[in-house]
Amino acid sequence: MGLSLSARARGIAPSPTLSIDAKTKAMVSRGEQVINLSVGEPDFQTPPEASLAAVGAIAAGFTKYTAVAGIMELRRRIIRKLEQENGLRYEPDEILVSVGAKHSLFNIMLTLVDLGDEVIIPAPYWVTYPEQVRLAGGVPVILPTDESTGFKVTPGQLKEALGPKTKAVILNSPSNPTGAVYRRAELEALAEVLRPADCYVISDEIYEKLIYGVEHVSIASLDEEIFRKTLVVNGFSKAFSMTGWRLGYTAGPKDVIKAMTSLQSQSTSNPTSIAQKAGVVALDHFDPDVVEEFRARRDYVLERLRGMPYISCAEPEGAFYLFPNVSRLLGGRYRGQTIDTSDRLCELLLEEARVSLVPGSGFGAPNNIRLSYAVSRVDLEIAMERMEAFLGEVER
Ligand SMILES: Cc1ncc(COP(=O)(O)O)c(C=O)c1O
């Protein structure tokens, strides 16, 4: 009572990337040459055309409140994108533009989840999903996956987890942190289990354009039945390198979008007017060279990692992360220090090798570490040299 925080606020787990991030920044500020492979954002620029559109919006005085759900021009452009690229047909009142895809997901959780409702989340998962479910009063139901199924949940696992309390299932393809991409046949198999289930599907497709040699399929496009229960989440952060603009969106059933819009009207209101103008233009300026660059970096790092002792690494097909398995390293020693967990490994890699990576524990995968290749090739080369030298000194 009185001067205390809510149980809700006290229950929020601090982001597992934060302590590594804080340590990395402290080292950098001391002038140490740390290579930061823990970043979750692309290293290329926002399309200049989009930035110019925002400048033009400011100059034209487009700096006031807009419709809560986003300007019609942007919602219509998103509708065109979803139809042309994903085979999905929506009306403007089935689209809600929010302050980043993270905000879209938060709106979804608060709109759908009641106290005690279950939300199924395949692991490894993006750290935010279970926290948002808990913030909404729900219970995350984690389905473990590993390299043996390509980090993909199976229809059998899903069937077993679905129950009367299930409110939604979250799918994230391509995945952060594993880079796994569900093929059409795999989605069909999951859809077969989901169709009769009385629950929503939340499909986070924010990495859809960063995909290497395979096709992105939205589960919502499989048929009308799945379409009607799916909320497609997407945004501008990854494909257009617009992390700072804070722009994302949800497409889904009218009643859900309407309720989410009401919620947004009482929290943030509209996403920033000038960012919306940038978003309209960005959708015309995706740069396919980015995909080629990421693919080349992925191939390079994968080859280097596979040449290192104690490490195995599945080939990711999307996003800009590798998720090597380090279980054979655990229990080993580096200069007298025991590597008992992947958290400890990341600490030692940072302190001793000056390479910053994220331990898998926060993603529900304690045997793995996440490496982002959204940094220059030169930095990747240096990082690989340092990691290799570090591992060369590990005693098992
Ligand atoms: C899987 C996934 N979904 C959603 C987001 C949210 O992106 P934003 O809020 O920047 O649109 C991220 C960002 O890291 C992500 O990795």
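It should be noted that the structure appears before, not after, this text.
Just so it is clear, the model here is predicted, and its values are computed rather than measured.

Caption draft 1: Representation of the site of the ligand within the structure. Around the ligand, the surrounding shell holds 13 residues, and the nearest of these are Ala101, Asp204, Ser237, Lys238 and Arg246. The contact in question runs from an oxygen atom of the ligand to an N or O atom on the side chain of Asn176, over 2.8 Å. If the ligand stood free it would expose 400 Å²; the protein chains cover 92% of that surface. Classifying every residue of the shell around the ligand by side-chain character gives 5 nonpolar, 4 polar and 4 charged.

Caption draft 2: Inspection of the nonpolar core at higher detail. Ranked by size, the top nonpolar core spans 78 residues in total, and within it Leu37, Leu305, Met387 and Phe390 carry the most contacts. Three or more residues apiece are contributed to this core by two domains, here domain 1 (7-45 + 288-391) and domain 2 (49-282). Residues in contact with Leu37, not counting those within four places in the same chain, are Val355, Ser356, Leu357, Arg370, Leu371, Ser372, Val375, Leu380, Ala383 and Met384. With 26 residues, the next largest nonpolar core counts Ala54, Ile71, Phe240 and Ala251 among its residues.

Caption draft 3: Local environment of the pairing of strand E7 (residues 230-235). Summarising burial for E7: 6 of the 6 residues are buried, a large majority. Alternating positions in E7 separate into two faces, Thr230, Val232 and Asn234 on one and Leu231, Val233 and Gly235 on the other, with burial throughout. Here strand E6 (residues 200-204) runs beside E7; their pairing, made up of 4 bridges, is parallel. Opposite Ser203, over in E7, you have Val232 as the bridge partner. When E7 meets strand E8 (residues 248-251), the two strands line up antiparallel, connected through 4 bridges. In the sheet register, Val232 faces E8, and the bridge partner there is Ala251.

Caption draft 4: Spatial organisation of the packing of aromatic side chains. One pass over the full model with this rule turns up 14 aromatic pairs. Measuring from ring centre to ring centre gives 5.8 Å for Tyr207 and Tyr321, while their planes differ by 75°; the resulting arrangement is edge-to-face. With Tyr207 in the loop between E6 and helix H9 (224-229) and Tyr321 in strand E9 (residues 321-322), this residue pair connects regions lying 114 residues apart in the sequence. A single burial state applies to Tyr207 and to Tyr321, both of which are buried. Their ring planes at 15° and their centres at 4.1 Å tell us that Tyr334 and Phe390 sit as a pair that is stacked. Separated by 56 residues along the polypeptide, Tyr334 in strand E10 (residues 332-334) and Phe390 in helix H14 (residues 377-392) bring together distant segments of the chain. The two residues Tyr334 and Phe390 agree in class, both being buried. Among the aromatic residues, ring-to-ring pairing joins Phe44, Tyr207, Phe294, Phe320, Tyr321 and Tyr373 into one connected group. For Lys209, the ring lying beneath its charged end belongs to Phe286, and the centroid distance is 4.8 Å. The residue whose ring lies beneath Lys277 is Phe62, and the NZ or CZ to ring-centre distance is 4.6 Å.

Reading the values: rules and limits
- Residues numbered from 1 in each chain as written.
- Predicted model: local features only at pLDDT ≥ 70, side-chain atom pairs only at ≥ 80, totals over all residues.
- Heavy atoms only, no water.
- Near = heavy atom within 4 Å.
- Polar contact = N/O pair within 3.5 Å; in protein donor to acceptor, adjacent residues only side chain to side chain.
- Areas by Shrake-Rupley, 256 points an atom, 1.4 Å probe, with all protein chains shown as cover.
- Nonpolar A, V, L, I, M, F, W, Y, C, P; charged D, E, K, R; others polar.
- Core = buried A, V, L, I, M, F, W, Y, C linked by side-chain atoms within 4.5 Å.
- Buried < 20%, exposed > 50% of the residue type's maximum accessible area, 1.4 Å probe, protein only.
- Domains from an automatic or database assignment.
- Contact = heavy atoms within 4.5 Å.
- Helix = DSSP H or I, 4+ residues; strand = E, 2+ residues; numbered from the N terminus.
- Pairing = 2+ DSSP bridges.
- Phe/Tyr/Trp six-rings, centres within 6.5 Å; stacked < 30°, edge-to-face > 60°.
- Lys NZ or Arg CZ within 6 Å of the ring centre and 35° of its normal.

Keep in mind these values describe shape, not function.
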